[in-house]
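Structure at a glance
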Amino acid sequence: MSQPPMSTTSDETVPARRRVVFVVGSGRSGTSTMSGTLQTLGMHVPQPEVDADDSNPKGFGEPQWVVDLHDELLKRCNVQVSDARPSAWFEAGKLSTFEPLRTRLRTWLEAQFVEGGPELVIKDPRMAWFLGLWRSAALRCDAVPAYVTMLRPVTEVVGSKQKYYASKFGEVNRTAAWVNMMLHTERSTRGSSRAFVRYHDMLTDWTVPLFDIGQQFDLDAVKSASANDIRKVHQFIDPSLRRIQLTWDEIEVPARLRDIAEESWQNLNTLADEGGDTPAVHDRLDELRAAYAEMYDESEAIAQSTALAARREGLAQKPGPDVLAPGAGRVADRLPHGVRAMVPAKARRGIRRAFGKQR
């Protein structure tokens, strides 16, 4: 009898009987469409799911437990869902060293395999902050993790968020957060089994990217889809839901941020081409990530007076001790090298200074 196939990545060499596909990328990029399509073809989305609403009438394809967990973790590390700070990856990454949390996640994921079968799909835009935790949980469950990153032009993402989400953030912040999220998501999935899919391609002819994914990830649910399953997906995908199609002429952002965002989009878009996931593209994305971090550091320095004024106002409204939690620096020291390496050098130096460290 032949043996089950093995994963080809160095840190994921496990029997391939179990699969878990993590759908990642910025919110409003088609992640719900991808998750819902995989579910319609037979993969299991852990239940219960987040309820559909006017912003996503076809449903989100998100497990409620996962959303609640991520909300809890984001509050714990003081990071927002769409956070523009390069240093936010450092803050979120600290939690990957917390063994009780790793055990909690593995226990939940194991239960989903028992309940839903050997092929799971898990999606939540917040997930990008905690991919290390999810990768660890999958491997501990003897499952092969794979990642689908959805791609949509930054201007359309920003416009869609402006329309459907709370308006406390403006176009500049949303554009910056998109750059931060997408460049770090690409970096953190590099070296793993992954695919990049354009939202536009899903709406034009979903069968092409989906059956490519089915072969690449060896997904039985996709490879053995019936004619009835395929009809259901055709009914599920609605091209009219691409309701926002803005251009840079309709979004006001600083020229330097616009240029970094546009070039980031062009290079990420290349990853969706056959043979496009190359070291040369990786190198350019790394350069763009460093350029964004440098720009953010400069902007943060210029706006320091505003930040200090807001801090003084907050302290006046709710006075209390302003000290770091005991052991904060030691936690940073224990952060895995892979997580630290994803934070640009300038941002790391700023974090060390905050912990009272010189190096």
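Residues numbered from 1 in each chain as written. Predicted model: local features only at pLDDT ≥ 70, side-chain atom pairs only at ≥ 80, totals over all residues. Heavy atoms only, no water.

1. Re the overall build of the protein
Tallying secondary structure elements over the protein gives 17 helices and 4 strands in all. Sorting the 359 residues of the protein into buried and exposed places 49% on the buried side. Within the protein, contacts between residues at least 6 apart in sequence are counted, and of these 78% link residues at least 24 apart. If you sum the accessible surface of the protein, you get close to 17100 Å²; carbon and sulfur atoms cover 51% of it. (Helix = DSSP H or I, 4+ residues; strand = E, 2+ residues; numbered from the N terminus. Buried < 20%, exposed > 50% of the residue type's maximum accessible area, 1.4 Å probe, protein only. Contact = heavy atoms within 4.5 Å. Areas by Shrake-Rupley, 256 points an atom, 1.4 Å probe, with all protein chains shown as cover.)

2. Some remarks on the packing of aromatic side chains
The full count for this structure, using the stated rule, is 7 aromatic pairs. Taken together, a centroid distance of 4.4 Å and an interplanar angle of 5° make the contact between W65 and W108 stacked. Note that W65 is positioned in helix 2 (residues 64-77) and W108 in helix 4 (residues 99-116), a separation of 43 residues in sequence. Each residue in the set F22, W65, W108, W134 and Y147 is aromatic and connected to the rest through ring pairs, giving one cluster. (Phe/Tyr/Trp six-rings, centres within 6.5 Å; stacked < 30°, edge-to-face > 60°.)

3. Overview of the packing of helix 7 (residues 171-189) against helix 13 (residues 279-302)
Following both chains from N to C, one finds helix 7 and helix 13 inclined at 140°, their axes separated by 10 Å at the closest point. With respect to helix 13, the element helix 7 is oriented oblique. Here the hand of the crossing between helix 7 and helix 13 comes out left-handed. For the pair formed by helix 7 and helix 13, the contact residues are A176, V179, N180, L183, H184, E186 and R187 on the first element and H282, L285, D286, L288, R289 and Y292 on the second. For the contact of helix 7 with helix 13, the class distribution of residues is 6 nonpolar, 3 polar and 4 charged. (Axes fitted to C-alpha atoms, helices over the stretch in contact; angles between N-to-C directions. Parallel < 35°, antiparallel > 145°, perpendicular 65-115°, else oblique. Left-handed = near helix turned anticlockwise from the far one by under 90°. Nonpolar A, V, L, I, M, F, W, Y, C, P; charged D, E, K, R; others polar.)

4. What to know about the nonpolar core
Generally speaking, a soluble globular protein has its nonpolar side chains buried in company with each other. Of all hydrophobic cores here, the largest spans 33 residues; its most connected members are F22, L109, I122, W129, F130 and W134. Going through the elements one at a time, strand 1 (18-24), helix 2, helix 3 (88-93), helix 4, strand 2 (119-123), helix 5 (131-140) and strand 3 (143-151) are the ones with two or more residues in this core. Apart from the residues within four sequence positions on either side, I122 is in contact with V20, V21, F22, V23, P46, P63, V66, W108, L109, M127 and W134. In terms of nonpolar packing, the next biggest core, distinct from the first, is built from 27 residues, M43, V121, M202 and F236 among them. (Core = buried A, V, L, I, M, F, W, Y, C linked by side-chain atoms within 4.5 Å.)

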